[in-house]
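Listed below, chain by chain, are the residues.
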Amino acid sequence: QVQLVESGGGLVQAGGSLRLSCAASGSTARINAMAWYRQAPGKQRELVGGITNGGTTNYADSVKGRFTISRDNAKNMLYLQMNSLKPEDTAVYYCNAAYGPFSGNYWGQGTQVTVSS
C-alpha cells in the first residue's frame, strides 16, 4: 500500500510558474516509477510525464520543454516544475506511483491548478 499526497496547486497567471509536490509513504521501496497525470473538466485523465527510479523521464508533447519532473528517492518525494503555463494547463493534477506491470498502481487525491489569461 502506498499513500500519495499532492500539494502546491493554486491560481497563477499565464506565463507564470508553479511547482507541485507529491509525498509518498507506505511501501515506497516497491515503487519503480512515478508520474503526474491531469484531468480537465469534460476530458479524460492524461499522462503529463513520468520518471523511473533511475531518473529516466518522459513527457506529453503538450508540456515538453515547459514542464520538468524530478524525484528525490531518499525523501520519497516527486516534483513537477511547471513553467510558461497556459490556460489549457488548467486541470486537477494527480500523482501516481506504480510497482510495475501488472502490479500496484496508486493515486493521490489531486491538486487543482488554474491558469488565468
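See the structure printed just above.
Residues numbered from 1 in each chain as written. Predicted model: local features only at pLDDT ≥ 70, side-chain atom pairs only at ≥ 80, totals over all residues. Heavy atoms only, no water.

1. Quick look at the overall build of the protein chain
Quick note on the threshold: A run of H or I in DSSP counts as a helix once it spans at least four residues, and a run of E counts as a strand once it spans at least two, with each numbered from the N terminus. As a reference, a globule follows 2.2 Å times the number of residues to the power 0.38, and the radius of gyration itself is taken over C-alpha atoms. Exposed residues in this analysis have more than 50% of their type's maximum accessible area, buried residues have under 20%, and partly exposed residues fall in between, with area computed by a 1.4 Å probe over protein chains only. Here a residue-residue contact requires only that any non-hydrogen atoms of the pair lie within 4.5 Å. Per-residue and other accessible areas follow the Shrake-Rupley method at a 1.4 Å probe size, with only the shown protein chains counted as cover for residues. The positive count covers Lys and Arg only, the negative count covers Asp and Glu only, and His and the chain ends enter neither. By convention, the point assigned to a charge is CZ for Arg, NZ for Lys, CD for Glu and CG for Asp.
For the protein chain, the count of helices and strands is 0 helices and 11 strands. Starting at the N terminus and ending at the C terminus, the protein chain contains elements arranged as β-β-β-β-β-β-β-β-β-β-β. Against the compact-globule benchmark of 13 Å for 117 residues, the protein chain has a radius of gyration of 14 Å, which places it among compact chains. Relative to its full complement of 117 residues, the protein chain shows a buried share of 40%. Of all intrachain contacts in the protein chain linking residues separated by at least 6 positions in sequence, the fraction that spans at least 24 positions is 53%. Working note: accessible area of the protein chain is about 6,200 Å², and carbon and sulfur atoms make up 49% of it. Across the protein chain, 10 positive and 6 negative side-chain charges occur, with their mean positions spaced 4 Å apart.

2. Some points on unusual backbone geometry
A negative phi angle is the norm for most residues apart from glycine, just as the trans form is the norm for most peptide bonds. For Asn 76, which is not a glycine, the phi torsion comes out positive at approximately 55°. Along the polypeptide, Asn 76 turns up in the loop between strand E7 (67-72) and strand E8 (77-82). For Asn 76, a relative accessible area of 26% corresponds to the partly exposed category.

3. Observations regarding the side chain of Asp 89
Rules: What qualifies as a polar contact is a pair of N or O atoms within 3.5 Å, subject to a donor-acceptor requirement within protein and to the restriction that residues adjacent in sequence count only when both atoms come from side chains.
Along the chain, the position of Asp 89 falls in the loop between E8 and strand E9 (91-98). A polar contact is formed between the side chain of Asp 89 and the side chain of Arg 38, at a distance of 3.0 Å. In terms of polar contacts, Asp 89 uses its side chain to reach the side chain of Arg 66, at 2.8 Å. Excluding residues that lie within four positions of it along the chain, Asp 89 makes contacts with Arg 38, Arg 66, Phe 67, Ser 84, Val 113 and Val 115.

4. Here we look at the sheet that holds strand E1 (residues 2-7)
So the rule is basically this: Two strands are counted as paired when DSSP detects at least two bridges linking them. Whenever a helix is involved, its axis is fitted only over the stretch in contact; in every case the axis is a line through C-alpha atoms, and angles between N-to-C directions fall within 0 to 180 degrees.
The antiparallel open sheet is built from 4 strands, whose spatial order is E1-E3-E8-E7. Unpaired on one side and paired on the other, E1 and E7 mark the two borders of the sheet. Going across the sheet, the axis of each strand differs from the next one's by a mean of 15°, ignoring polarity.

5. Thoughts on the packing of aromatic side chains
Quick note on the threshold: Pairing of aromatic side chains requires ring centres within 6.5 Å, counting the rings of Phe and Tyr and the six-membered ring of Trp. Pairs whose planes differ by under 30 degrees are stacked, by over 60 edge-to-face, and all others tilted.
By the definition in use, this model includes 2 aromatic pairs. On the numbers, 4.8 Å between centres and 65° between planes, the contact of Tyr 37 with Trp 107 is edge-to-face. Within this pair, whereas Tyr 37 is found in strand E4 (residues 33-39), its partner Trp 107 is found in strand E10 (residues 105-107), the two being separated by 70 residues in sequence. Tyr 37 gets classed as partly exposed once you look at its relative accessible area, which sits at 22%.

6. Structural notes on the environment of Gly 16
Position of Gly 16 among the secondary structure elements: in the loop between strand E2 (10-13) and strand E3 (18-26). With 71 residues separating them along the chain, Gly 16 and Pro 87 place their C-alpha atoms 11 Å apart. If sequence neighbours within four positions are ignored, Gly 16 has contacts with Met 82, Asn 83, Ser 84 and Leu 85.

Remember that the coordinates give geometry; whether it matters functionally is a separate question.
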